[in-house]
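Residue strings, one per chain:
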Amino acid sequence: MSHFVSMLLLAVALTLTLCFGLAAWRLSAGNDVDVTATIPHLEYGWRSRPND
């Protein structure tokens, strides 16, 4: 009985992993994100922006 329960849990875990992975892949494929974009100099760090 223990072998059956462990195999059942393994099958459920693999199925859920496949479903969530497929859903995440489909969601990420729809968004064209430019990961090579540069960050402007004043957008990061501890310095505050100048008050113009």
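Here the structure is a predicted model, which is why all the values come from computation and not from measurement.

Cut-offs applied
- Along each chain, numbering runs from 1 in the same order as the chain's sequence is written.
- Where local features are concerned, this predicted model is filtered to residues with pLDDT of at least 70; where side-chain atom pairs are given and counted, the filter is 80 or more; whole-chain, interface and lining totals use all residues.
- Hydrogens and water are ignored here; the side-chain numbers use all heavy atoms of the structure.
- Each helix is a run of H or I in the DSSP string that is no shorter than four residues. Each strand is a run of E no shorter than two, and both are numbered from the N terminus.
- Throughout this description, buried means an accessible area under 20% of the type-specific maximum (1.4 Å probe, protein chains only), exposed means over 50%, and partly exposed covers the range between.
- We get accessible surface area from the Shrake-Rupley algorithm with a probe of 1.4 Å; when it comes to residues, only the shown protein chains can shield them.
- Exposure above 30% relative accessible area and the lack of any salt bridge qualify a residue for a patch; like charges then connect within 9 Å, and the nonpolar side chains Val, Leu, Ile, Met, Phe, Trp and Tyr within 5 Å.
- Here, a salt bridge means any Lys or Arg side-chain nitrogen found within 4 Å of an Asp or Glu carboxyl oxygen.

*Asks:* Tell me about the overall build of the protein chain, and please be specific about residues and values.
*Replies:* Across its full length, the protein chain carries 1 helix and 0 strands. Out of the 52 residues in the protein chain, the part that is buried amounts to 0%. Total accessible area on the protein chain is roughly 5500 Å²; 67% of this is exposed by carbon and sulfur atoms.

*Asks:* Could you give me a rundown of a nonpolar patch on the surface, with the residues and numbers involved?
*Replies:* Residues M1, F4, V5, L8, L9, V12, L16 and F20 make up a contiguous nonpolar surface patch of roughly 880 Å² in combined accessible area. On the secondary structure map, V12 appears in helix α1 (residues 2-30).

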